[in-house]
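Remarks on the overall topology
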Amino acid sequence: MPLSVVSVIGARPQFIKASVVSHALRARDGVTEQIIHTGQHFDANMSKVFFDELSIPKPDYSLDIHSLPHGAMTGRMLESIEAVLMQAMPDWVVVYGDTNSTLAASLAASKLHIPVAHIEAGLRSFNRRMPEEINRIVSDHVADLLLVPTAGAVANLLAEGIAHEKIVEVGDVMYDCAMRFGEIARTRSTVLDRLGLSEKPFILCTAHRAENTDDPLLLRSLVDALGRLAADYLVVMPIHPRTRAVANRHGIDLTLPGLILTDPVGYLDMVRLEQSSALVLTDSGGVQKEAFFHGVPCVTIRDQTEWSELVESGWNVLAPLREGSDALVDIVRARLGTIGTAIEPYGRGDAASRIVAALENRARRK
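Report on the accompanying structure. None of the values given here were measured: they were computed from a predicted structure. Here, residues in each chain are numbered from 1, in the same order as that chain's written sequence. Owing to the predicted nature of the model, reporting of local features is limited to residues with pLDDT of at least 70; listing and counting of side-chain atom pairs is limited to 80 or more, with chain, interface and lining totals taken over all residues. Note that water and hydrogens are dropped before the side-chain values are worked out from all heavy atoms of the structure.

Considering helix H1 (residues 12-26)
Compared with the 21 Å implied by 1.5 Å per residue over 15 residues, the 21 Å span of H1 between its first and last C-alpha is a close match. Bending is quantified residue by residue as the angle between axes fitted to the seven-residue window ending at that residue and the seven-residue window starting at it. In DSSP terms, a helix is any run of H or I states spanning at least four residues, a strand is any run of E spanning at least two, and both are numbered starting from the N terminus. Of all the bends in H1, the greatest measures close to 35° and is centred on Ala 18. Accessibility here uses a 1.4 Å probe with only protein chains present; expressed as a share of the type maximum, an area under 20% marks a residue as buried, one over 50% as exposed, and anything in between as partly exposed. Most of H1 sits out of view: 12 of its 15 residues are buried. Considered for burial, the residues of H1 that qualify are Arg 12, Gln 14, Phe 15, Ile 16, Lys 17, Ala 18, Ser 19, Val 20, Val 21, Ser 22, Ala 24 and Leu 25. To estimate how far a helix should reach, multiply one less than its number of residues by 1.5 Å.

Now the structure itself:
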């Protein structure tokens, strides 16, 4: 039975996940996929490099919508995605994660009565001040198929009254990516040599979330902590464009001894940095997991995380910036050299094939 899918992506984590899911879709006879790229991440280092490195098919539609407030961005995406879907009318619209692209595509498809499949469904930080949390909740409640990474995510959906028959636990596609590209990164990435890190211990830091970067006091607190940590370890920070812009606007000096700033890096370089780091310091949901996949301790500069199992098992510690740079420095120093307990919450690395099977099985029931 032929199956047509439109996949909607727009941000770095979605490109990574789509690399394995699109590969699995296109490997199946009778399955066709079209890709809409909303343009939410548009910088070449945040977008094109991922398509090139991970062999993601060229998008069929590029909407070029970015650099707008949440409402304007989501509204323009909704309008543009709707126009594409009215022409394509696929069997499924596949969305990923928790971005504005996810929300807009979920709403556009549901209003056209096109079934929505949400990959990474059921995750909750239980903090509705985070725009990502609103995007997750709304997307889950309009989706027809909830493709869930963990048992905890299943429990979250059931607690919200979502019907069990809509939920399929498939494992985590990010784990698929780690298994597929981990060794490739070791052999192909040259980032350690380029940054002079081959023989030196370092901390890897990423920070991009609005709650950390839009408040200059919190961003100053982070930079102060990084400067102090850099007295003992090099600190490598692939800096997000919005973080650099906020720092420049508020006169926050990022040229500190021991702090190595670089433009955003591709997936293979990022994996190589994670594999080689002594500790990962981040506010990214995906980077928290990638640190775990590579056996590296993580400190997350947030109040909550949707990946609570990593905190419970000791692989990750929360350290919100509002508690100050002293607390952050102390937590990072205490975490260096530690590991968590052995857990396997994310499946067996076959989430992409399970996702395709679920799409096919549900299509046959119609």
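Some details on the sheet that holds strand E2 (residues 31-37)
Criterion used throughout: strands pair if DSSP finds at least two bridges between them. One open sheet holds the 7 strands; their spatial order is E3-E2-E1-E4-E5-E6-E7, and the pairing between them is parallel. Edge strands, defined here as strands with exactly one partner in the open sheet, are strand E3 (61-62) and strand E7 (167-169). For strand E5 (residues 116-119) and strand E6 (residues 145-148), the ladder comprises 3 bridges, and the chain directions are parallel. Bridge pairing links Ala 117 to Leu 145 in E6.

Examining the sheet that holds strand E8 (residues 202-206)
Each strand in a sheet pairs with its neighbour through backbone hydrogen bonds, running either in the same direction (parallel) or in the opposite one (antiparallel). Strand order in this open sheet of 6 strands is E10-E9-E8-E11-E12-E13, and the pairing throughout is parallel. Looking at which strands have only one partner, the edges of the open sheet turn out to be strand E10 (259-262) and strand E13 (316-318). Ignoring strand direction, the axes of neighbouring strands in this sheet form an average angle of 20°. Packed onto the sheet, helix H15 (residues 325-335) meets E8, strand E11 (279-282), strand E12 (298-300) and E13 and runs at close to 160° relative to E12. What counts as an axis is a line fitted to C-alpha atoms, over the stretch in contact for a helix, and the angles between N-to-C directions run from 0 to 180 degrees. Residue contacts follow a heavy-atom distance rule, with two residues in contact if any of their heavy atoms lie within 4.5 Å.

Notes on the pattern of salt bridges
The rule for a salt bridge is simple: a side-chain nitrogen of Lys or Arg has to be within 4 Å of a carboxyl oxygen of Asp or Glu. Within this structure, the stated rule accounts for 22 salt bridges. Residues Lys 289 and Asp 172 are paired through a salt bridge, measuring 2.6 Å at the closest nitrogen-oxygen approach. One end of the pair, Lys 289, is in helix H13 (residues 285-293); the other, Asp 172, is in the loop between E7 and helix H7 (173-188), with 117 residues separating them in the sequence. A single burial state applies to Lys 289 and to Asp 172, both of which are buried. Between Asp 326 and Arg 228 there is a salt bridge, with its nearest N and O atoms 2.8 Å apart. Residue Asp 326 is located in helix H15, and its partner Arg 228 is located in helix H10 (residues 216-229); the two are separated by 98 residues in the primary sequence. Here the salt bridges do not stand alone but share partners, grouping Asp 98, Glu 133, Arg 136, Arg 302 and Glu 306 into one network.

Regarding the packing of aromatic side chains
Classification of ring pairs rests on two measures: the distance between centres of Phe, Tyr or Trp rings, Trp counted by its six-membered ring, which must be within 6.5 Å, and the angle between planes, read as stacked under 30 degrees, edge-to-face over 60 and tilted in between. Here the structure, examined in full by the defined rule, presents 8 aromatic pairs. Taking 6.1 Å as the distance between ring centres and 55° as the angle between the ring planes, the aromatic pair formed by Phe 292 and Phe 293 counts as tilted.

Observations regarding the side chain of Asn 156
By secondary structure assignment, the location of Asn 156 is in helix H6 (residues 151-159). Classification of Asn 156 as buried rests on a relative accessible area of 19%. Residue contacts for Asn 156: discarding those within four places in its chain leaves Gly 122, Leu 123, Arg 124 and Phe 126.

What about the pairing of E6?
Residues of E6 alternate between two faces, with Leu 145 and Leu 147 on one and Leu 146 and Val 148 on the opposite face, all of them buried. A right-handed crossover is one whose linking path, passing over the helix from the first strand to the second, runs clockwise when the strands point away from the viewer. Crossover handedness for the path E5 to helix H5 (residues 131-142) to E6: right-handed. Bridge analysis of E6 against E7 gives 3 bridges, and the strand direction is parallel. Along E7, the bridge assignment pairs Leu 147 with Val 168. The β-α-β motif built from E6, the intervening H6 and the parallel element E7 has right-handed crossover chirality.

Examining unusual backbone geometry
The backbone phi angle of Glu 120 is positive, close to 75°, even though this residue is not glycine. Within the element layout of this structure, Glu 120 appears in the loop between E5 and H5. By relative accessible area, Glu 120 is classed as buried at 10%. Located in the positive-phi region is Phe 126, a residue other than glycine, with phi close to 65°. Secondary-structure assignment places Phe 126 in the loop between E5 and H5.

Here we look at the packing of H1 against H7
Running from N to C, H1 and H7 cross one another at 85°; their axes reach a closest spacing of 9 Å. By the angle between their axes, H1 is roughly perpendicular relative to H7. Of the residues in H7, those touching H1 at Ile 16, Lys 17, Ser 19, Val 20, Val 21 and His 23 are Val 173, Met 174, Asp 176, Cys 177, Arg 180 and Phe 181. Small angles under 35 degrees read as roughly parallel and large ones over 145 as roughly antiparallel, with 65 to 115 read as roughly perpendicular and the rest as oblique.

Some details on the pairing of strand E9 (residues 234-238)
In terms of residue burial, E9 counts as a mostly covered element, since 4 of its 5 residues are buried. Examined bridge by bridge, E8 and E9 share 3 bridges and lie parallel to one another. Each bridged residue has a counterpart across the sheet, and for Phe 202 the counterpart in E9 is Leu 234. Strand direction decides the pairing type here: E9 and E10, joined by 4 bridges, are parallel. Opposite Val 236, over in E10, you have Ile 260 as the bridge partner. Remark: the E9/helix H11 (residues 241-249)/E10 crossover connection has right-handed handedness.

Keep in mind these values describe shape, not function.
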